[in-house]
Amino acid sequence: MLFLFFASLASVLAGFMLGSVAASLEDLLDAISGKDNIKGYIILNVRVPRTLGAYIGGAALALSGLMLQTYFRNPLAGPYVLGISSAASLGVALYVLAGVGWSYYGLVGSSMLGSLVAILFVLVLASRVRSAVTLLIAGLMFGYVFGAVERILITFAESRQVHEFVLWTFGSFSGVTWDDLRIFSALVLVSLMLSVALAKPLNAMLLGEEYARSMGVDVRAVRVAVVTMSSFLAALVTAFAGIVAFIGLAVPHIVRMLFRTSDHRVLIPAVSVCGALITVICDIVARTIASPVELPISVVTSLFGAPIVVLLIMKRRRVG
């Protein structure tokens, strides 16, 4: 655990210095000390909030994925299986494709509004159904409906608006500012602390809802808490950074393999730190590998996460 934590701190330090304009440790120290120069401005106002945003966002997505995989007892569940990303994407589509203009806070607001609509749908359903499978299928169906409406809007939109919208869907932490970071970090930190209280109920849920009930777990309350928290974390990241693929899906499996445990008292902090580490590394790769052109972070995370999912499927088939 300590190794992961210190590795994540090292990745943050690297994120402060690496980019299209190279910066040394001396440049970083000059920026911190307040020396007024171009590199110092880039480090303090672009790279620091961007890197910390990627760190916090990665932790949020990985934690969201862990809780959903445990609750649904499905290793291929991720933060966006309940239609959250599709609803956020639809919200941005309504904003961008309506031609009302383009602003970062307009994107954040429309994305969060769309996500909240999906969360309300899912919460109402979670309070009414008993089966996790039913909830999962309904979430996927919500996603298809939101996606269909989004494609209808794209069909009738102008090419410039479609281009702007597609760029947003690629995902990037480059727009995160210090003001965003204060809100972002506070909400994720509160969610992380609340998730610790779910460790024991999630351990009981590993053996099924009936076993959890026999152990005195309020399954319905846990269901609502897991769905609310995981959906909120996914919505938060999507609002500030667009769609960031595969982190929530792949990281929980990596951590389980590393620690060889299903105990959520270990997994929750480990997954959060590992998700932060991998997302920061992917963000660094996205901005440096084709410099000065910047790749969307979802391109890098997908290239990283897709092979892991394929290996998981192959492993499951061999076990079956």
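Scoring rules and cut-offs
Residues numbered from 1 in each chain as written. Predicted model: local features only at pLDDT ≥ 70, side-chain atom pairs only at ≥ 80, totals over all residues. Heavy atoms only, no water. Disulfide = S-S within 2.5 Å. Salt bridge = Lys/Arg side-chain N within 4 Å of Asp/Glu carboxyl O. Helix = DSSP H or I, 4+ residues; strand = E, 2+ residues; numbered from the N terminus. Phe/Tyr/Trp six-rings, centres within 6.5 Å; stacked < 30°, edge-to-face > 60°. Expected span 1.5 Å × (residues − 1). Buried < 20%, exposed > 50% of the residue type's maximum accessible area, 1.4 Å probe, protein only. Contact = heavy atoms within 4.5 Å. pLDDT = per-residue confidence, 0-100.

A closer look at the state of the cysteines
Then comes step 1: The full count for this structure, using the stated rule, is zero disulfides.
Then comes step 2: Sulfur of C282: no disulfide; nearest cysteine sulfur belongs to C274 and is 11 Å away.

Brief notes about the pattern of salt bridges
Then comes step 1: Counted under the stated rule, the structure contains seven salt bridges.
Then comes step 2: Measuring nitrogen to oxygen at the nearest pair gives 2.7 Å for the salt bridge that ties E294 to R50. Of this pair, E294 sits in the loop between α13 (264-288) and α14 (297-319) while R50 sits in helix α3 (residues 38-72); the two residues are 244 residues apart in sequence, bridging distant segments of the chain.
Then comes step 3: A salt bridge links D179 to R182; its shortest N-O distance comes to 2.7 Å. With D179 and R182 both in helix α8 (residues 178-196) and three residues apart, this pair spans about one turn of that helix.
Then comes step 4: Through salt bridges with shared partners, one network takes in R50, D283, R287 and E294.

Focus on the packing of aromatic side chains
Then comes step 1: Counted according to the given criterion, the structure contains six aromatic pairs.
Then comes step 2: Through pairs of rings, three or more aromatic residues link up here, namely F121, F142 and F146.

Things to note about helix α1 (residues 2-17)
Then comes step 1: Here α1 contains 16 residues, and its C-alpha end-to-end distance of 23 Å stays within 8% of the 22 Å for a straight helix at 1.5 Å per residue.
Then comes step 2: Taken as a whole, α1 has its buried residues at L4, S8, S11, V12, G15, F16 and M17.
Then comes step 3: Tucked into the core, α1 has its buried residues touching α2 (25-33), α3, α12 (247-259) and α13.

Quick look at the confidence of the model for the protein
Then comes step 1: Per-residue pLDDT for the protein has a mean of 84; in total, 96% of the residues score no lower than 70.
Then comes step 2: The weakest mean pLDDT in the protein belongs to α14 at 75; the strongest belongs to α13 at 93.

Some words on the side chain of S231
Then comes step 1: Considering the arrangement of structural elements, one finds S231 in helix α11 (residues 219-241).
Then comes step 2: Of the residues examined, S231 reaches a relative accessible area of 1% and is grouped as buried.
Then comes step 3: Look past the residues within four positions of S231 in its chain and what remains in contact with it is L82, I84, I119 and V226.

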